[in-house]
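# Remarks on the overall topology
Single-letter residue listing:
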Amino acid sequence: MPEETIGQHLKRQGISRRDFVKMCGLLVGAMGLRYAPPLDESGLPTHLDHARGFTSASFVANALENKQRVPVIWLEFQDCAGCSEALTRSQSPTLVDLVLNTITVEYHETLSAAAGFQAEQAKQDAMKKYAGKYVLVVEGSIPTDNDGVYCTVGGRTAVDLLKEAAAGAAAIIATGNCASFGGIPKAKPNPTGAKSVLDLVTDKPVVNIPGCPAIPEATTGTIAHFVVFGALPELDSLHRPMPFYGNTIHDRCLRRPFYEAGQFANSFDDEGAKKGWCLYKLGCKGPTTYNACATIKWDQGLSFPVQSGHPCLGCSEPNFWDGGGFYQGQSAPLDRPTIAVVGAAAAAGAVVGVGVAAANRMQKKSAKVEKGE
Amino acid sequence: MTMNWENVLEFARGPFFQVALLVFVAGMFYRLVRVLALGWKPDRVKAKGSKVGGIAVSFLKGIIIWPFIPWVKNTFSRNPIIYLAGGLFHLGLFVVIFLGTAHMLVWKSLIGVGWPTLALPIVDWFAAGAIVAMIALLINRFVNPVLRLLSGPAEWLNWLIVFLPMVTGYMMTHHLWFPYETLFSLHMLAVDVLLIWIPLSRISHFMFYFFSKAIHGADFGKRAVTP
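Residues numbered from 1 in each chain as written. Chains lettered and ligands numbered in written order. Predicted model: local features only at pLDDT ≥ 70, side-chain atom pairs only at ≥ 80, totals over all residues. Heavy atoms only, no water.

## Comments concerning the interface of chain A and chain B
Which entries qualify depends on this criterion: Only heavy atoms matter for contacts: two residues are in contact if any of them lie within 4.5 Å across the pair. For any pair of parts, buried area is found by adding up, for both, the accessible area (1.4 Å probe) each one loses once the two are put together. Every case where a carboxyl oxygen of Asp or Glu lies within 4 Å of a side-chain nitrogen of Lys or Arg is listed as a salt bridge. N or O atoms within 3.5 Å of each other form a polar contact, as long as, within protein, one can give a hydrogen and the other can take it, and as long as residues adjacent in sequence are counted only when both atoms are side-chain atoms.
Of the residues lining the interface, 43 residues belong to chain A; the matching set on chain B comes to 36 residues. Of the roughly 3300 Å² buried between chain A and chain B on both sides combined, carbon and sulfur atoms contribute 63%. Considering only the side of chain A, the residues that lose the most area to chain B are K281, S331 and L334 of chain A, jointly responsible for 15% of the buried surface there. Viewed at the interface, chain B and chain A are joined by zero salt bridges. Applying the counting criterion to the chain A and chain B interface returns eight residue pairs in polar contact (both at pLDDT 80 or more).

## Some remarks on the nonpolar core
Under the convention used in this document: What is meant by a nonpolar core is a set of buried Ala, Val, Leu, Ile, Met, Phe, Trp, Tyr and Cys residues, joined one to another through side-chain atoms within 4.5 Å. Only protein chains enter the area calculation, which uses a 1.4 Å probe; residues under 20% of their type maximum are buried, those over 50% are exposed, and those in between are partly exposed.
In this structure, V135, V137, I173, I209 and V306 of chain A are the most contacted members of the largest nonpolar core, which totals 39 residues. Ignoring any residue separated from it by four or fewer positions in sequence, one finds V306 of chain A in contact with I249, C253, R255, L279, C284, P311 and C312 of chain A. Grouped together as the second largest cluster of nonpolar side chains are 37 residues, L9, A130, I131 and M134 of chain B included.

## Observations regarding helix α6 (residues 101-111) of chain B
This is how it is decided: In this description a helix means any DSSP run of H or I spanning at least four residues, a strand means any run of E spanning at least two, and both kinds are numbered starting from the N terminus.
Residues T101, M104, L105, V106 and S109 of chain B constitute the buried set of α6 of chain B. Where α6 of chain B is buried, its residues touch α5 (80-99) of chain B.

## Comments concerning a nonpolar patch on the surface
Residues and elements named next belong to chain B. Inclusion rule: Every patch collects residues that have over 30% relative accessible area and no salt bridge, joining them within 9 Å if they carry like charges and within 5 Å if they are nonpolar side chains (Val, Leu, Ile, Met, Phe, Trp, Tyr). The accessible surface values rely on the Shrake-Rupley method and a 1.4 Å probe; as for residues, cover is taken only from the protein chains in view.
Together, L60, I63, I64, I65, I69, W71, V72, Y209 and F210 make up a nonpolar patch on the protein surface, roughly 830 Å² of accessible area in all. Those elements that provide at least two residues to the nonpolar patch are α3 (51-65) and α11 (205-223). Within the secondary structure, I63 sits in helix α3. Assessed through its relative accessible area of 43%, I63 is described here as partly exposed.

## A word on the environment of V369 of chain A
As for its position among the elements, V369 of chain A is in helix α17 (residues 339-371). Using a relative accessible area of 64% as the deciding quantity, one classes V369 of chain A as exposed.

## With respect to the sheet that holds strand β1 (residues 72-76) of chain A
Residue and element names in this part refer to chain A. This is how it is decided: Paired strands, in this sense, are two strands between which DSSP finds at least two bridges. Only the stretch in contact is used when fitting a helix axis, every axis being a line fitted to C-alpha atoms; angles between N-to-C directions are given from 0 to 180 degrees.
What the five strands build is an open sheet, ordered β2-β1-β3-β7-β9; its pairing is parallel. Two strands close off the open sheet at either side, each with one partner strand: β2 (105-108) and β9 (206-209). Looking at each pair of strands side by side, their axes are set apart by 20 degrees on average, direction ignored. The sheet contact formed by β1 and strand β3 (residues 135-139) spans five bridges and is parallel. Residue E76 lies in a different strand from β3, and its bridge partner there is E139.

## A short note on the pattern of salt bridges
Residues and elements named next belong to chain A. One pass over the structure, following the stated rule, counts eight salt bridges over all chains. Linking K123 and E120 is a salt bridge whose minimum nitrogen-to-oxygen distance equals 3.8 Å. Residue K123 and its partner E120 are located together in helix α6 (residues 116-129), separated by three residues, close to a single helical turn. Given a relative accessible area of 1%, K123 falls into the buried group. Salt-bridge contacts for R240 lead to E317; the nearest nitrogen and oxygen are separated by 2.8 Å. Linking R240 in the loop between α11 (216-229) and α12 (242-245) with E317 in the loop between α16 (305-308) and α17, this pair joins segments that are 77 residues apart in sequence. Under the relative-accessibility criterion, R240 is labelled buried at 2%. Because the salt bridges share partners, they merge into one network encompassing R156, D160 and E164.

## Concerning unusual backbone geometry
Residue and element names in this part refer to chain A. Cis rather than trans, the peptide bond between K188 and P189 has omega equal to 5 degrees. Residue placement: P189 occurs in the loop between α9 (183-186) and β8 (194-195). Between C212 and the following residue, P213, the backbone shows a cis peptide bond with an omega angle of 0 degrees. In this structure, P213 sits in the loop between β9 and α11. For A81, which is not a glycine, the phi torsion comes out positive at approximately 65 degrees. Tracing the sequence through the fold places A81 in the loop between β1 and α4 (82-88).

## Description of the confidence of the model for chain B
Filter applied, for reference: Each residue carries a pLDDT value, the predictor's own confidence for that position, ranging from 0 to 100.
Averaged over all residues, the pLDDT of chain B is 85; the fraction at 70 or higher stands at 98%. ipTM for the predicted complex: 0.75, alongside a pTM of 0.78.

Structure representation (structure tokens):
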């Protein structure tokens with residue numbers, strides 16, 4: 001019997017036509033379809049680039065009705081499960097439901113009912129059954145020091161598990177800063193030799209969805225993009241999908257006018273903070289942080305850190321834990337030499353100066369002696 | 001590791017900045033000691049006035065009075081472009097470096113003390129003024145035959161190394177043409193190069209100006225001939 005399509009699956013679950021169309025619209029929005037890649041071969045009308053709403057939604061509807069479900073295998077390594085947590089609490093139930101239930105997560109340690117060897121067996125079965133077809137989602141960094149002993153599941157190291165799962169994956173999505181760039185496990189002094197997925201997997205398409213946690217809509221939107229188009233969205237130089245990481249927090253910040261006007265909060269409870277002025281002086285990393293917080297926001301668009309009065313930490317950028325302090329202005333240098341080192345440099349300069357001056361004087365004297373003065 | 005602007009920025013704000021700062025400090029102390037070691041000839045003139053008074057008058061006139069009544073000085077009437085553009089450049093540089101918010105935060109992180117700053121649009125006009133002034137000075141240097149003869153590679157390099165941080169900083173503030181972190185990286189690289197270049201070049205006059213002003217002021221004061 002042929003595998004049922006997503007449309008058939010939804011119908012069986014009792015999703016009405018109206019709800020289905022709503023879902024498709026939601027997906028179109030979530031995927032930011034303005035960035036749709038040129039997909040003539042896969043049947044996407046070329047005018048989709050300019051069309052939003054009905055045309056792209058109907059395209060998505062068409063794809064969902066006729067495509068088979070894409071299995072997802074979700075691995076967790078050195079993580080806090082915060083990205084999974086964010087997904088399950090994302091408050092956009094239709095979207096998450098669509099992605100988690102409909103598109104099918106075959107293996108997820110935190111969410112699965114099965115445990116232990118049963119779960120591992122289920123994963124092995126899924127990897128065999130869907131070889132070359134499944135999407136691998138990785139959450140958490142991968143320790144490599146001491147043969148990777150710092151993170152093992154069922155007696156096997158994270159490196160081993162990642163390589164095994166990556167071998168049969170159609171595409172890999174690294175969710176959260178840890179999987180994307182190493183995150184907090186990789187912060188100085190990186191005791192476990194933590195690495196990102198991209199550091200270890202070089203022969204498969206990898207998308208990074210960094211963030212701490214990753215914005216759930218960005219993760220699901222990227223998975224949805226893969227389901228609908230059979231391809232990953234356009235990526236930036238750090239392998240982040242452009243629809244979600246095309247702008248900085250600063251670019252879309254609601255406090256931006258205060259930045260331009262030079263109106264800054266100087267502390268967390270001064271007049272400026274109460275009036276909602278710019279948080280640049282309190283260490284905001286918004287200008288160099290690419291993420292969708294300022295537009296998609298969190299908890300169904302309720303708010304995001306800067307709106308709530310806290311500077312952006314830059315959690316979707318590499319090495320943000322070692323970025324020179326969360327509350328230090330971004331223009332400040334990352335490292336400062338200590339007073340002792342500066343003093344030593346000054347002393348060294350002075351000593352060389354005295355030496356050269358003395359040498360010059362001696363030369364002058366001996367020249368005078370030679371001349372017989 | 002793939003090369004991207006985040007790595008460049010980390011390098012330029014981190015280790016490279018630190019090295020540049022230490023080279024700057026060591027270099028300036030070297031220069032200072034070399035100048036001091038030149039020594040003073042004994043001055044046996046009988047004091048007719050106060051040395052300290054001479055120094056004070058010299059600084060007051062040089063910084064607060066002459067810039068606002070430039071026409072009484074020969075320097076102005078002979079070279080109005082250099083006088084005006086040079087003045088505008090130095091004023092703009094001072095405002096940007098000390099009264100721009102981003103730069104104040106750099107000082108705060110280095111010396112631990114912050115101060116109130118001007119709004120971005122105001123600092124912006126000073127920055128634009130300084131950049132225009134620098135371009136005017138460059139053209140003047142090209143066009144004026146005497147200046148052109150006096151200019152060697154060091155003079156052209158001085159101009160370029162001071163100009164690059166200014167123009168990248170301006171572009172960065174206005175998000176012109178390139179992504180912010182690209183311009184931020186270029187700005188920091190340019191600043192690091194400038195820090196290293198200062199002690200090797202005549203840009204070190206930012207320190208020696210005050211020395212020469214003080215020494216001449218003291219001489220004038222002692223002889224009671226303060227101009």
